[in-house]
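Listed below are the residues making up each chain.
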Amino acid sequence: MAWEFRKLGPGENVAVEAQRDPFAAPKWAPPVWHMPEGLVLIVNLVRAAVRTLVFLIRNIVPVSVASALAWLGYRFGWTVPVLLLVLVAVGLSVWAVADRPSAVRWVVRPARSWWRRVSVYRRDWQPVLVTAGLTKVHKGREYLPSLVRVRCGPTSDRVLVRMLKGQAPDAWEKVSVNLAHGFGASLVRVRDGDRPGRIWLEFVRRDALAEPIPALPILDPADVDLSGLLIGRQEDGSPWRLRLLGTHVLIAGATGAGKGSVIWSTIRAVLPLMLGGLVEVWAIDPKRMELSFGRALFERYGRYSDDPKGGMVELLEAAAQDMNARAERFAGLTRSFTPTHEFPFRVIVVDELAFLTAYCPERDLRRRAESALAVLTSQGRSVGYCVIGAQQDARKEVNNLRNLFPDRIALRLDEDEQVDMVLGDGARDRGALADQISSLPEVGAGVGFVRLETSPDPVRVRAAYVSDHDIRAMVAFALPDVDVEGAA
């Protein structure tokens, strides 16, 4: 058989078989090389040795333990390893009873992470990623993203992935539903990794926020931190701490979404500092329903207005005036604010922000309110002012000041487009499915997503539920000389 060789191009065959018929089209075919059997055996042995070495390195702890137990059983009999295992089990049990958090941190979670990595993610890694279209094939070779690390929490798993070269997190966000079904999770969120080229996949196994959270206890003044107020719980079971010092907070949610839970949990958290004169809450209540339960509390330790004929706007303008006076006083003296009795930290709570910026029938009042809010949100956080605004309508024409609120909370929303309106572009693609929160109060009230100024990744949270009875108890605690029923 004759062979003709020619200069190769990328992806072309090595040789071409010459045709007997000069008029027939050439037939390209690669040559067949017959390798010696000894060389084939050596190559297979090297491959097996490399795979064994990789397996031992990846599972060095369980392999070492199993090897040690096998050697003890061979050297001293089977009773020695069995007795040793019993002693270890007893020691772990005592540890778990004496200090359960540390036992969970150092033993239970690492063991569970290893088990789920082997039995869930590594086992189904290739078929799920191939089906989701996250692999690439080049010149007959399949390239697969690498599974780096698995960390298990009480309700979710965090999987660190090394993406393919040239791959972006957007490709994973588009197939998050495929990944969730492939690995048996209810939801998957894509987070930035520890370095370029890596991402975290957060697989949510169960909803840790399905049950309402009762009102949190009132802390001692020394335990209250304005840069991290405890008002609820995050999805991973950790406390939800809301920062007020040095920021402004926008809360958006449909009717019955639980905006009151966030507002009253925040007021409950700062109550000890209110009683100490270090914090004042100025409440604006256009609906005359939500904040009216604490009217006596606000009037004693701050200010309150529900007057639609100008009283609420005058309160905002007074806050803006005082803020400007503080700025003149602090100019050139300090760049960070610390609350004092002379200059307390002021929290301006507006229950229905859209009424002042869009729904108020008097145009002049709308203009004045918007001007005062713009001054407070653009200049107030450096001199001890924080604006907490709550609204139902997320459209920009209703509130064009939303970009002046660094921290935002999206509770249940009616439409998926509203998620990005509240939290910013791309928030829903990153897992902030606020439009899918349950409308049942016992399931979805107070549940939402938080997007902070310092992080683009939304975090699912739930605020504690402060009932009417809890509010009356707060007023009675702060004002023992006031008739609580009359104040409510």
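None of the values given here were measured: they were computed from a predicted structure.

Rules behind the numbers
Residues numbered from 1 in each chain as written. Predicted model: local features only at pLDDT ≥ 70, side-chain atom pairs only at ≥ 80, totals over all residues. Heavy atoms only, no water. Helix = DSSP H or I, 4+ residues; strand = E, 2+ residues; numbered from the N terminus. Rg over C-alpha atoms; globule rule 2.2 N^0.38 Å. Buried < 20%, exposed > 50% of the residue type's maximum accessible area, 1.4 Å probe, protein only. pLDDT = per-residue confidence, 0-100. Contact = heavy atoms within 4.5 Å. 1 Å grid on protein atoms, 1.4 Å probe; cavity = no way out; pocket = protein on both sides within 12 Å on 5 of 7 lines; lining within 4 Å. Points joined across faces, edges and corners; volume = space filled by probe spheres on them. Nonpolar A, V, L, I, M, F, W, Y, C, P; charged D, E, K, R; others polar. Expected span 1.5 Å × (residues − 1). Bend = angle between axes of the 7 residues up to and from the residue. Patch = residues over 30% accessible without salt bridge, like charges linked within 9 Å, V, L, I, M, F, W, Y side chains within 5 Å. Areas by Shrake-Rupley, 256 points an atom, 1.4 Å probe, with all protein chains shown as cover. Salt bridge = Lys/Arg side-chain N within 4 Å of Asp/Glu carboxyl O.

Observations regarding the overall build of the chain
If you tally the helices and strands in the chain, you get 15 helices and 19 strands. Computed over C-alpha atoms, the radius of gyration of the chain comes to 32 Å, more than 25% over the 23 Å expected from 2.2 N^0.38 for 488 residues, which places it beyond the range of a compact globule. Expressed along its principal axes, the backbone C-alpha trace of the chain runs to roughly 105 × 80 × 50 Å. Looking at the 488 residues of the chain, the share that counts as buried comes to 42%.

As for the environment of arginine 472
Positionally, arginine 472 belongs in helix α14 (residues 468-478). Taking relative accessible area as the criterion, arginine 472 reaches 25% and is therefore assigned partly exposed. Spatially, the C-alpha atoms of arginine 472 and leucine 297 are 10.0 Å apart, while their sequence positions differ by 175 residues.

Quick word on the confidence of the model for the chain
Here the chain averages 87 in pLDDT, and 91% of its residues register 70 or above. Long-range and interchain partners of residues 1-8, a stretch whose pLDDT sits below 50, account for 18 contacts in this model, where long-range means more than four residues apart.

Structural notes on the environment of glycine 424
Structurally, glycine 424 can be placed in the loop between α12 (417-423) and α13 (441-444). Residue glycine 424 is classed as buried on the basis of its relative accessible area, which comes to 16%. C-alpha of glycine 424 to C-alpha of arginine 451: the two residues are 27 residues apart in sequence and 8.6 Å apart in space. Each residue touching glycine 424, except ones within four places of it in the same chain, is listed here: Arg408, Val419 and Arg451.

A word on empty space enclosed by the protein
Counted by the stated rule, this structure contains 3 cavities of 30 Å³ or more. Along its surface, the largest cavity is lined by 17 residues, and Pro217, Leu219, Leu230, Arg268 and Ala269 are the ones closest to its centre. Of all the secondary structure elements, the ones that give two or more residues to the lining of the largest cavity are β10 (229-234) and α7 (259-275). Forming the boundary of the second largest cavity are 13 residues, of which Pro308, Val313, Leu356, Cys360 and Leu365 lie nearest the centre. Elements with a contribution of two residues or more to the lining of the second largest cavity: α9 (311-330), α10 (353-359) and α11 (363-379). The residue inventory of the lining of the second largest cavity, partitioned by class, reads 8 nonpolar, 2 polar and 3 charged.

Brief notes about helix α4 (residues 100-132)
Helix length check: α4 (33 residues) gives 40 Å between terminal C-alpha atoms against 48 Å at 1.5 Å per residue, more than 12% under. Of all bends in α4, the biggest is about 60°, found at tryptophan 125, and the proline proline 127 comes one to four residues later. Residues of α4 that are buried: Ser102, Ala103, Ser113, Arg116, Arg117, Ser119, Val120, Tyr121, Trp125, Val128, Leu129 and Ala132. Among the structural elements, α3 (79-98), β6 (146-152), β7 (156-162), α5 (169-174), α6 (176-182) and β9 (198-204) are those in contact with the buried residues of α4. A positive phi of about 80° marks glycine 133, the residue just after α4.

Looking at a nonpolar patch on the surface
Among the surface-exposed residues, Trp78, Val82, Val86, Val90 and Val94 lie close enough to one another that they form a single nonpolar patch of about 510 Å² accessible area. Along the chain, valine 82 turns up in helix α3.

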